[in-house]
Amino acid sequence: QVQLVESGGGLVQAGGSLRLSCAASGSIFSINAMGWYRQAPGKQREVVATSTNGGSTRYADSVKGRFTISRDNAKNTVYLQMNSLKPEDTAVYYCNAKITTMTPIQRRDYWGQGTQVTVSA
């Protein structure tokens, strides 16, 4: 089994910062990509930022210049540094990882449990 455990959400005023963390553990052979998604009330889940093993990163237009995704491959951990937060960033943030496991041998998407980020005006 594989688990993704997130931390770092909370309540912050507009203009503030938060740092999310997500650690993967379990029967992991390799992690091919990691990323963050979010879902606001009444809206569909959307991609926020992704990071590949090759070091390529992509961001949603709405967070470019404010959010930074980074990884610590030795710890199987991905981070999301969120600066200059806006009320419209309020959502549940989910960690995603494309993981190849050893038992069983397969590659699939795994999701964290979600962490609430609330930005007050």
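In case you missed it, the structure is sitting above this.
**A closer look at the packing of aromatic side chains**
One pass over the structure, following the stated rule, counts one aromatic pair. Ring centres of Tyr37 and Trp111 lie 5.0 Å apart, and the angle between their planes is 70°; this geometry places the pair in the edge-to-face category. Within this pair, whereas Tyr37 is found in strand E4 (residues 28-39), its partner Trp111 is found in strand E10 (residues 106-111), the two being separated by 74 residues in sequence. Across from the ring centre of Tyr94, 3.7 Å away, lies the NZ or CZ of Arg45, which sits over that ring. Looking at Arg108, its charged tip hangs above the ring of Tyr110, at a distance of 4.0 Å from the centre.

**Observations regarding the side chain of Thr100**
Note on placement: Thr100 falls in strand E9 (residues 91-101). According to the relative accessible area criterion, Thr100 is buried, its value standing at 16%.

**Points about the state of the cysteines**
In the structure shown here, the tally under the stated rule is one disulfide. Across a sulfur-sulfur distance of 2.1 Å, Cys22 and Cys95 are joined as a disulfide pair. Sign of the S-S torsion, about -80° for the bond between Cys22 and Cys95, identifies this disulfide as left-handed. Of this pair, Cys22 sits in strand E3 (residues 18-26) while Cys95 sits in strand E9; the two residues are 73 residues apart in sequence, bridging distant segments of the chain. Overall, the relative accessible area of 0% leaves Cys22 in the buried class.

**Some remarks on the pairing of strand E7 (residues 67-72)**
When a strand is regular, its side chains alternate between the sheet's two faces. In E7, alternate side chains face the same way, and those of Phe67, Ile69 and Arg71 are buried while those of Thr68, Ser70 and Asp72 on the opposite face are not. Summarising the sheet, E7 and strand E8 (residues 77-82) pair through six bridges and their orientation is antiparallel. The residue of E8 that forms the bridge with Thr68 is Gln81. Between E7 and E8, which follow one another and run antiparallel, lie four residues, and Asn76 among them has a positive phi close to 50°.

**Some points on the nonpolar core**
Side chains that are nonpolar tend, in soluble globular proteins, to be buried together. By size, the foremost hydrophobic cluster in this structure holds 30 residues, and its most contacted members are Trp36, Leu80, Met82, Tyr93 and Ile99. Of all the elements in the fold, those that place two or more residues in this core are strand E1 (2-7), E3, E4, strand E5 (46-52), E7, E8, E9 and strand E11 (115-120). It is E9 that contributes the most residues to this core, five residues altogether.

**Digging into the pattern of salt bridges**
Side chains that differ in charge, positive against negative, can pair when their charged atoms come close. Applying the stated criterion to the full structure yields five salt bridges. Across the pair Arg38 and Glu46 runs a salt bridge whose closest N-O atoms are separated by 2.7 Å. Classification of Arg38 by relative accessible area gives buried; the value is 6%. Look at Glu46 and you get partly exposed, because its relative accessible area is 36%. Where Lys64 meets Asp61, a salt bridge forms, and the shortest distance between an N and an O atom there is 3.1 Å. What makes Asp61 exposed here is its relative accessible area of 66%. Among the charged side chains, a salt-bridge network with shared partners connects Arg38, Glu46, Arg66 and Asp89.

Conventions we followed
The residue count restarts for each chain, going from 1 along the sequence in the order it is written. Reporting in this predicted model follows two pLDDT cut-offs: at least 70 for local features of residues, and 80 or more for side-chain atom pairs to be given and counted; totals over whole chains, interfaces and linings ignore these cut-offs and use all residues. Excluding hydrogens and water, the side-chain values take into account all heavy atoms of the structure. Classification of ring pairs uses Phe, Tyr and Trp, with its six-membered ring standing for Trp, and accepts pairs whose centres are within 6.5 Å; under 30 degrees between planes counts as stacked, over 60 as edge-to-face, and the remaining range as tilted. Strands here are runs of E lasting at least two residues and helices are runs of H or I lasting at least four, both read from the DSSP assignment and numbered beginning at the N terminus. Criterion for a charge above a ring: Lys NZ or Arg CZ within 6 Å of the ring centre, and within 35 degrees of the ring normal. Three labels apply to residues, based on accessible area from a 1.4 Å probe with only protein chains included: buried if under 20% of the type maximum, exposed if over 50%, partly exposed otherwise in between. Criterion for a disulfide: a pair of cysteine sulfur atoms at a distance within 2.5 Å. Being paired, for any two strands, means DSSP has found at least two bridges between them. Nonpolar cores were defined as sets of buried Ala, Val, Leu, Ile, Met, Phe, Trp, Tyr and Cys residues, with membership established by side-chain atoms within 4.5 Å. By convention in these notes, a salt bridge is any Lys or Arg side-chain nitrogen within 4 Å of a carboxyl oxygen on Asp or Glu.

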